[in-house]
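Listed below are the residues making up each chain.
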Amino acid sequence: MANTDPATIEKHVKDFSGLLDDIESLDDKVRALWVEIYENAITDRINAHMLFTELHDLVQSDPTQHAIQGPQLAKYIERMSRSTDQLMKLAEMISLAQRASENLNQDEIFGKAKALR
């Protein structure tokens, strides 16, 4: 997600929030926290990518800068990697919540069907 347009970022956050709305059993506070985590992770990743790209271009145009700027480039890559890790962990938690919600719905349906007997 290299597009830094605020409207694009807002659309991604809105789409993500919509995905969470489909999980019926999700508490509103957890939903809000997950949206904030998502927004922060993508913002951190975008910012680190922009800075990395600027510095990378400098190093590419002046190879002597590689020794000077190499550690900073590594920090930006690390920041992007941590943001990706946060997004992956968030995806894992959402997947677990979706499965739990599906199980809950199946249990509710079974309970209602049993009550009709």
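Here the residue index of a chain counts from 1 through its sequence in written order. It should be noted that, the model being predicted, local features are given only for residues of pLDDT at least 70 and side-chain atom pairs only at 80 or more, the latter also being counted only at that level, while totals for whole chains, interfaces and linings use all residues. The basis for the side-chain values is all heavy atoms of the structure; hydrogens and waters are excluded.

Novice: I'm lost on the overall build of the protein in this one. Help?
Specialist: Helix and strand definitions follow DSSP, with helices as H or I runs of at least four residues and strands as E runs of at least two, each counted in order from the N terminus. Assigned secondary structure in the protein consists of three helices and zero strands. Helices and strands in the protein line up, N terminus first, as α-α-α. The 117 residues of the protein split such that 25% are buried. Summed over all atoms, the accessible surface of the protein reaches about 8,200 Å², with 56% contributed by carbon and sulfur. Only protein chains enter the calculation, and the probe is 1.4 Å; a residue is then buried if its accessible area is under 20% of its type maximum, exposed if over 50%, and partly exposed in between. Using a 1.4 Å probe, the Shrake-Rupley method yields the accessible areas, and only the shown protein chains count as cover for residues.

Novice: I'm lost on the environment of Gly-70 in this one. Help?
Specialist: Structurally, Gly-70 can be placed in helix α3 (residues 65–115). Residues Gly-70 and His-56 lie 14 residues apart in sequence; the distance between their C-alpha atoms is 9.1 Å.

Novice: I keep staring at the pattern of salt bridges and nothing clicks. Help me out?
Specialist: Pairing between side chains of opposite charge can happen when their charged atoms approach one another. Should a side-chain nitrogen of Lys or Arg be within 4 Å of a carboxyl oxygen of Asp or Glu, the pair is scored as a salt bridge. Scanning the entire structure with this criterion turns up six salt bridges. Here Lys-11 makes a salt bridge to Asp-15, at a shortest N to O gap of 2.7 Å. Of the two residues, Lys-11 and Asp-15 both sit in helix α1 (residues 6–21), four residues apart, roughly one turn of that helix. Here Asp-28 makes a salt bridge to Arg-31, at a shortest N to O gap of 2.9 Å. Of the two residues, Asp-28 and Arg-31 both sit in helix α2 (residues 28–61), three residues apart, roughly one turn of that helix. Classification of Asp-28 by relative accessible area gives exposed; the value is 58%. One salt-bridge network, held together by shared partners, links Asp-21, Asp-28 and Arg-31.

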